[in-house]
Amino acid sequence: MEHHADIGGPPPGGPAQENVKLYGQAFGADPEAHYNYLRTFGPTAPVDIAEGVEATLVTNYQVALAILKDSATFPRDSRNWAALQEGRIPADSPALPMMGWRPNALFADGAAHARLRAAVTGSLEAIDVQLLARQTQQAAEYLISQFSSPVGHAELVQEYAGPLPLLVFGTLFGCPPELGDRIITGITGIFTGTPGADQLLGGSLLELIALKRRHPGEDVTSHLLTHQAGLTDEEAMHQLVTMLSGGTAPLAAAISTCIALMLGDDKYAMGRLSVEDAVSEVLWNYAPIANYAGHYPVMDVKVGDRVLRANDPVLISFAAANTDPNERRDFNGQAHLAFGAGPHACPAKDPAWVIAVKAVETLLNRLPDVELRCEFSALAWNQEPWTRSLVTLPVRFTKPAPLPRRADGTAGAVPAAAPAVEAAAPVPSAPSAASPSAQEAPRRRKGMFSRLVEWINGE
Ligand code: HEM
Ligand code: HEM
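The protein has the name Cytochrome P450 in an unreviewed UniProt entry, where Actinacidiphila rubida is given as its organism.

Caption draft 1: Main features of the nonpolar core. If you look at the biggest cluster of nonpolar residues, it comprises 137 residues, and the most contacted ones within it are Ile49, Tyr160, Phe173 and Leu393. With 14 residues, helix α13 (residues 233–264) is the single largest residue contributor to this core. If we ignore the near neighbours within four places in the chain, the residues touching Phe173 are Leu208, Lys212, Asp219, Val220, Thr221, Leu240, Met243 and Leu244.

Caption draft 2: Quick peek at the side chain of Thr56. Looking at the secondary structure, you find Thr56 in strand β3 (residues 53–58). Thr56 has contacts with Thr44, Ala45, Arg306, Leu308, Pro313, Val314 and Leu315, leaving out every residue within four places of it along the chain.

Caption draft 3: Representation of the environment of Pro385. Structurally, the position occupied by Pro385 is in the loop between β9 (371–372) and β10 (394–396). Along the sequence, Pro385 and Leu22 sit 363 residues apart, while their C-alpha atoms lie 5.3 Å from each other. Once you skip the residues sitting within four places of it in the chain, Pro385 turns out to touch Leu22, Tyr23, Phe27, Ile49, Ala290 and Asn291.

Caption draft 4: Summary view of the packing of aromatic side chains. The final tally for this structure, using the stated rule, is 10 aromatic pairs. Ring geometry for Tyr37 against Phe41: centres 5.4 Å apart, planes inclined by 85°, an arrangement best described as edge-to-face. When its relative accessible area of 16% is taken as the criterion, Tyr37 is described as buried. Residue classification places Phe41 among the partly exposed residues on the basis of a relative accessible area of 32%. Among the aromatic residues, those joined into a cluster by ring pairs are Phe147, Tyr160 and Phe397. Looking at Arg79, its charged tip hangs above the ring of Trp101, at a distance of 3.8 Å from the centre.

Caption draft 5: Representation of the coordination of the iron atom of ligand 1 within the structure. Just one protein atom donates to the iron atom of ligand 1; it is Cys346 (SG), sitting 2.4 Å from the metal. Assignment of secondary structure puts Cys346 in the loop between α16 (329–332) and α17 (349–366).

Caption draft 6: Inspection of the coordination of the iron atom of ligand 2 at higher detail. No other protein atom reaches the iron atom of ligand 2 as a donor apart from Met98 (SD), found 2.2 Å away. Note on placement: Met98 falls in helix α5 (residues 96–99).

Caption draft 7: Representation of the sheet that holds strand β4 (residues 153–155) within the structure. If you trace the 3 strands from one edge of the open sheet to the other, you get β4-β10-β9, paired in antiparallel fashion. The strands lining the two open edges of the sheet, one partner per strand, are β4 and β9. Bridging between β9 and β10 involves 2 bridges; their strand directions are antiparallel. Bridging across to β10, Leu372 finds its partner in Val395.

Definitions and limits used
Residues numbered from 1 in each chain as written. Chains lettered and ligands numbered in written order. Predicted model: local features only at pLDDT ≥ 70, side-chain atom pairs only at ≥ 80, totals over all residues. Heavy atoms only, no water. Core = buried A, V, L, I, M, F, W, Y, C linked by side-chain atoms within 4.5 Å. Buried < 20%, exposed > 50% of the residue type's maximum accessible area, 1.4 Å probe, protein only. Helix = DSSP H or I, 4+ residues; strand = E, 2+ residues; numbered from the N terminus. Contact = heavy atoms within 4.5 Å. Phe/Tyr/Trp six-rings, centres within 6.5 Å; stacked < 30°, edge-to-face > 60°. Lys NZ or Arg CZ within 6 Å of the ring centre and 35° of its normal. Donors = N, O, S within 2.8 Å, 3.2 Å for Na, K, Ca; no water. Pairing = 2+ DSSP bridges.

This is the structure in structure tokens:
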């Protein structure tokens with residue numbers, strides 16, 4: 001195994017006997033230096049992914065691929081995690097929400113996984129990518145129209161890359177406006193740690209499921225429910241949560257990182273790279289899901305000089321595998337691992353790609369003179385192990401380019417037969433004591449998804 005001397009002095013995690021910390025300020029500021037140092041251990045290295053939470057991190061491309069494909073030796077069921085079973089992981093550890101077991105495809109193995117996975121894949125395959133591109137553009141145009149700063153400033157993580165995937169999901173899932181609002185509030189609350197968000201999200205998704213059982217349509221939710229796997233309502237709800245949480249964060253990361261690089265790094269500048277190539281480079285060099293995919297080996301496994309202990313977590317560094325200096329992607333055409341590999345590889349690669357490219361393209365087209373408000377190198381990155389994503393992306397611009405003309409002659413979003421618009425027709429939404437429907441409380445402040453639907457309808 002090659003050794004790298006790029007980090008002089010003590011390792012980024014502190015004194016040599018301590019595990020490298022894959023979280024916190026130092027990691028967020030320079031993950032690549034951490035991966036370079038970890039590579040000196042061989043294909044895998046011991047890390048802490050949160051205070052007191054140890055894991056083995058795989059940084060080598062070939063070993064990552066082999067583990068991802070070998071689910072017999074490396075299953076995903078985190079209920080086997082020895083330290084968790086033995087009460088050595090604090091109940092409030094920030095590692096648990098992403099690593100604790102849930103009844104979804106990600107933590108299932110074998111036949112149980114194949115069944116859930118088939119339903120998820122089937123529901124996503126039914127997406128019409130041409131329509132999705134138009135829907136993404138509409139949502140993007142809407143968000144740009146809402147940039148509130150009077151002087152042509154916007155913060156693109158909060159105002160664009162974050163909400164855009166959520167609006168697109170509202171449409172893809174076939175949400176009536178008010179229900180879409182609650183689902184978006186719920187998932188956003190989970191990400192920001194708002195109390196009650198779990199219940200809001202779960203309850204709203206069950207309402208959506210009940211609605212689609214009664215009135216199936218051409219949307220992801222209906223296809224999930226009518227799939228021959230025959231998911232129960234609970235099962236369907238958990239797979240929808242996984243799509244929402246597994247889809248939103250990496251899309252937001254990919255979109256904002258790509259815009260930042262195209263505006264702030266000459267190598268990625270418009271004219272040098274197409275938007276497609278820039279997104280592809282982001283997936284290679286800034287893998288949005290940086291370190292994840294928890295595996296719990298069924299027995300001790302020797303890899304290089306280290307032994308991966310049975311039931312201790314082994315995480316894959318998609319980011320480090322992609323930039324593994326032992327792999328010359330230009331020569332052997334090796335695929336990037338940003339979407340994972342093996343049985344759990346992202347089932348949403350194609351729609352994710354369409355959404356990311358359209359989102360970047362629309363922003364650059366609509367704000368032709370957009371520029372960063374600071375140097376690219378001054379932008380701050382999040383400090384969790386899971387992600388390579390910007391905290392904020394402040395930009396300035398003078399004036400948006402005019403919106404494309406609508407078919408009816410008015411300026412507005414591109415015309416499209418968006419299911420969201422159809423769903424805006426009075427589909428009866430299941431009763432909810434907690435939050436009255438928009439019809440029942442017309443003066444209640446509408447949520448983001450309702451406002452998008454109204455905007456598309458020209459209201
Ligand atoms: C740029 C955007 C995206 C990236 C980089 C990405 C990446 C990934 C990766 C690396 C995995 C594998 C995780 C593992 O092995 O444990 C994964 C799984 C998954 N992703 Fe994505 N994803 C993206 C967008 C989406 C979207 C938009 C959706 C939903 C519509 C989605 C749904 C899922 C689901 C359900 C799984 C679990 C599959 C399984 O366990 O069988 N992802 N994704
Ligand atoms: C860019 C990468 C990702 C980031 C930054 C991220 C971040 C988060 C955060 C902040 C939470 C809430 C934690 C809390 O409750 O304290 C969360 C929850 C969750 N994430 Fe991720 N995530 C990422 C990727 C994924 C992927 C790829 C999947 C699955 C395919 C996934 C599945 C989940 C699930 C199922 C939850 C729990 C939702 C609930 O509480 O009901 N995440 N994630």
